[in-house]
Each structure stands twice: as structure tokens, then as C-alpha cells.
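Survey of secondary and tertiary structure
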Amino acid sequence: MQRNILRIIGNKAILNIRERMCETPEELLASEKFRLVLDHCLENLRLKNSPLLEIFGNCKINNESVDDLVRTLSFLTKHEYNTVPHIFGKSRTFLNDLGKLAGFIDYLYDYWRHFDRFILNDSEGDRLDKRPYRTFNETIEQLTHLIRTVYRHIQENLSGSHPTVYRQVPAGAQMAVISLPKDIAYKGEKYKVLNNVPVIRQMLIYPPLVIQQPMNKRTGQFKRIGQNPIDLIELSSGEWICYPAKVGKLLIMVYFHINFFELGFSMCNLFELANDTDLEKKPDALFIYGVPGFVLDGLSEYSTVFYDDEENGIFVGAIPNRPEFGYFGYLKKMVLTLHNSITMKSGNMPFHGAMIKILLQGNKEATILMMGDTGAGKSETLEAFRILGEKYIRELTIIADDMGSIELDENGCPLGYGTEIGAFLRLDDLQPGYAYDHLDRSIIMNPSQVNARIVFPVTNFETLTKGHKIDYILYANNYEEIDNEHPVIEKFDSPEWALDIFREGAVMSKGTTTTSGLVHSYFANIFGPPEYKEAHEKIAAKYFAAFFNNNVFVGQMRTRLGIPGYESSGPREAATELLRIIGVTE
């Protein structure tokens, strides 16, 4: 078995490492990994009939001539161009047009960097996770430095001069992980096969990252089925890795296929990575993202399915390995569907919404929960709220950006919890400059397309699992105009009225899925509640009664985000009124 392997799959370059990296330019250029990238690049140029291939002169481009090119490049890392032909005569062909060769080197360098690049430190038996910083430093940092060194030495020896400006672009990998085999405490023999998949223990990323997803929208729903997907799935060795996600109080093992590595690794900006202590307990759920073949088709109207294995006390989610499912929203929302389903089985209430806790001048506190569907204006209103209330707010803490749960304490008081440490937001709906403020930690997805997204951390795990007393619960209404009968924020005077609005779940679609126009979803949350509607109705009735019994402000907030022309002003006016209601402004 090879110890160091480079695979190019689509737009991904994945380097598996179990032993030392190349340490010198000669080693790098003589490696099979460099030759793979070089051959890939030459084939790309051949398909375009590129004039850069003229560096081969009259030579046929074959293994022998490419070997000669590699030897020429190797000598150019140490010697100036006019010396190389005296050492290696065949280099004269490539050095005949120095400008052309320099252009080819630039193209090869950029061609390598155009890939989404990953390093997998598969440290079976080596225990690299005991010194993760050293491991990352000896792999990703060393590779970056070595590739840049080779590129610069060759270009300087071709030109006979040094650059006046050095740009330290990421030339190695953009993400690296340390993964280990791990015996997870699954109940049931059928799950033990999953222990062959390495589990991520540490990660390193170089933000900002730009990821190109195969898709930029999500469609369909996540359906509960009566057959366990694990019975239908075979996981090929070497093609899978596991991200153990802490989702609120739950542990969900997310297994994703190599075709979706760029999406699976992006979870580090959204869900807390479980530690060794977390992995000693039995997981609450598992999710297999990238199921091969068509084994999930026909199990439900949609192939995005999950199963409640009551015998073994675990939920199982599964999504097929096809390009149409290559969108981060599928991964995120299935994880949250599993969380919500488990939450309801525990008798608690999941919510689709954003929750913040604010500390005002004079030590006044308020915790606000905004429920609503995707694109309803929750995140946009909270961001406007933060900006407008800056001089009144001592501290603003995000508890939940998209999903969470509510529990009742021993006195029947509602407490709110979050699920994610990060946010997955539409670039188009953010305040001007907001995305730029977070670029140093961000993963940006499909920036040139409709529904471009950004993923970045917004809170810490301790905050979202602490449990916070809720003061305001608002339904985010993005489709109604404002007039005397429809104020910006409207308070409900009974649980029944509130339940009617929340249950209807109306929203003007913003194009984040394949739906359009005014749509309705049960409690604005298709991620679990529709599959447990009877149970959810009982839970909702109990919890809304508790809201009113505890004097929680329950109402709806008209953000108008779905009305053309109000994309910015609507959330801003909603935020202004919210500041007034909680007593910050007149």
C-alpha cells in the first residue's frame, strides 16, 4: 500500500499522508505527485491547443519528453538558464523561448492552485494527533513553502532578476485534517463497519476559502422512511471520512464521500468538532452523505431520507452521491433534521430561527428568538439590530443562527438552546461590508452565482448549550406590507392566535431553494416537524401555553425582506421597532 497518495477528483486535489513529505525541490519535482499534476496540466493545455505547448519545440509530447522537461525544471531550481544547457543538453529545447517557458511555469503554478486542495494526515499507528500543530507545520506549512520556493527559484533563474513584490498566496493545501481510526460506541453489529472509516480529530484551514459547489440550491424535503439505509450501503475503503459533529447537546457522526470533501470539511465553520471524551458515548445519530448508486431511490418521494432505529437508539440519515446533491444546504439541513427529530422524541420543541441575547446599558438583558423560514429576514434583521443599537448595547451574543430547541425548566420557564457555532448566510442579503468583516474566518461558496453563500463562526459551543431564558418570540414575516392594521411588530394576545401564525409558516421565497413565490411550511420548519406532526402539535400547544404563562412577548415581525425594494430597509425598520419595544429607544 502506498503511504503518500495524491488524487485529483474533479476540481479537488487530495493528498493522503502517512510518512514524511518531500523536503527539497529535487524531491518534489521527481515525485509521482508532481508528475500527476504536470500530466493533468499538459492534457488541459492539449485540449485547448495552447501555444504554451510550443516549449516542446518539434518534440512529441510523450513520457520521454516530459521527463526531460522535469529534469530541466529541476536544474532551474539551482542554476540560471544559461548554465543549464551545459549540464543537461536536452534542456535547450525548453529554453529556446524563455518567455514562453516562464508563461508555462506561471500557468502550471496557477493550475495547481485552482484546485480545492486538501491534506489528509491519516496517522494510523503514528498518533499524529498528540502534537497536531507540529503535524500541520510539517505537512501543510512545509508543502506551501516548498511549492512557492520551487516556483520562485525557477522564475528567478529564468529571468535573472528578483520580484519587487512577493505575494504570499496559499500554494499548498487550503485545508488539512488529522484523522484516526476510532471505535465508536455504536449499539448493533450493523454499525460496526463504520469504524473502518477514519474520524477527524483536528483540522487546519486557511481562510478565506472559495469553494465551488456542484449545486447552488436545495430542493425537496427530508423524509422519514421505514427501512434503515445502513442495510443498503457499502462504504468503499479509502473513499470516506467522518466529521463527528456536536449539534447542540447531541453527537452526530457525519460520514461523507470523497466527492463531497469540500463540503464535509466546511462543517468546521458550522458545527463544533467532537473531542475524545465526546466520542466515548454512543452517538445520537449518524449521517451518510454520498451514498453510492441508486439504493435510496424509491424509498420515498425524495432520496434525502432518514430512519429512526428505535431498537439501537439511533437515527440514520442518508443522501445519494450525485452532483444534484452537492450543495452545503443538504448536509447542514439533514444534520439539523436529525437533531430536531431527536429533540421532539424527548418531548422538547425544535425551532427554525435565530436567537440572540443582548446586554443593555444599565445591566438590562433581553433574549430574543426570531422564528421563520429560510429567507424570512432573521439574520438580516439581527445584523441591522446590532448596527443600529451599537451605542445602547453593551454585548450581543448569538445563541442560535438558524436552528435550535426550547426546553422547560423545573418551574416551567422556557429556555433556549442553539445547535451551530457558525452561520450559513446568503451574500446578497447581508449589510454592505458585513461579509468583508468576516473574510478572515470565512468559507465562501459559489460567489459568482445566485444564492452565493458564506460560512463563518459566530458563537462558541458553551454559549449555545447553556440554556437561556427567553423574553421575546417573534415570527419573521417577510411578505406583508406595513400599514395601520399591520404594524412592523404585532403582539399576539393568545396562544391560539400565535399558533395559527406559526403553524401556517408563510414566507416569500428568496430563491434559496427551488421554490418561488409565497410558500407555506409547517411551523416554518420542514426539517423534522412534518414527519412527527401529531407529536409536534402536542409539544407546540404545551410550549406556547408556557410562553404566555411566563409573560414572554409573542408576536410577528414584518421584515419585508421578500418584497422588492425592501431588502435592506425592511430589516432595518424591523430592527428599529424591536429596539423601541425592548426599551432601548423612544
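So, here's what we can say about the structure. Just so it is clear, the model here is predicted, and its values are computed rather than measured.

**Comments concerning helix α12 (residues 495–504)**
Residues spaced three or four apart along an α-helix face the same direction, because each turn holds 3.6 residues. If you check which residues of α12 are buried, you get Ala-498, Leu-499, Ile-501 and Phe-502. Looking down the long axis of α12, one finds its buried residues gathered within 165 degrees of arc, a one-sided arrangement. On its buried face, α12 sits against β15 (365–371), β23 (472–477), α13 (533–549) and β27 (553–558).

**Structural notes on the sheet that holds strand β19 (residues 422–426)**
Strands sit in the order β6-β20-β21-β19 across an open sheet of four strands; the sheet is mixed. Where the open sheet ends on each side, the last strands, each with one partner, are β6 (209–211) and β19. Taking the axes of each pair of neighbouring strands and ignoring which way they run, one obtains an average angle of 20 degrees across the sheet. Relative to strand β21 (residues 453–457), strand β20 (residues 443–445) runs antiparallel, the two being bridged by three bridges. By the bridge assignment for β21, Ile-444 is matched with Ile-454.

**Regarding the pattern of salt bridges**
Applying the stated criterion across every chain yields a total of 30 salt bridges. For Glu-407, the salt bridge is made with Lys-249, and the minimal N-O distance between the two is 3.0 Å. With Glu-407 in strand β17 (residues 403–408) and Lys-249 in the loop between β8 (240–247) and β9 (250–257), this residue pair connects regions lying 158 residues apart in the sequence. Classification of Lys-249 by relative accessible area gives partly exposed; the value is 44%. One salt bridge in this structure joins Lys-345 and Asp-308, with 2.9 Å as the shortest N-O distance. In this pair, Lys-345 is assigned in helix α8 (residues 328–345) and Asp-308 in strand β12 (residues 305–309), connecting sequence segments 37 residues apart. The buried category is assigned to Asp-308, whose relative accessible area is 12%. Connected through shared salt-bridge partners, Lys-332, Lys-333, Asp-402 and Glu-420 make up one network.

What counts, and at which threshold
Residues numbered from 1 in each chain as written. Predicted model: local features only at pLDDT ≥ 70, side-chain atom pairs only at ≥ 80, totals over all residues. Heavy atoms only, no water. Buried < 20%, exposed > 50% of the residue type's maximum accessible area, 1.4 Å probe, protein only. Helix = DSSP H or I, 4+ residues; strand = E, 2+ residues; numbered from the N terminus. Arc of directions from axis to C-beta. Contact = heavy atoms within 4.5 Å. Pairing = 2+ DSSP bridges. Axes fitted to C-alpha atoms, helices over the stretch in contact; angles between N-to-C directions. Salt bridge = Lys/Arg side-chain N within 4 Å of Asp/Glu carboxyl O.

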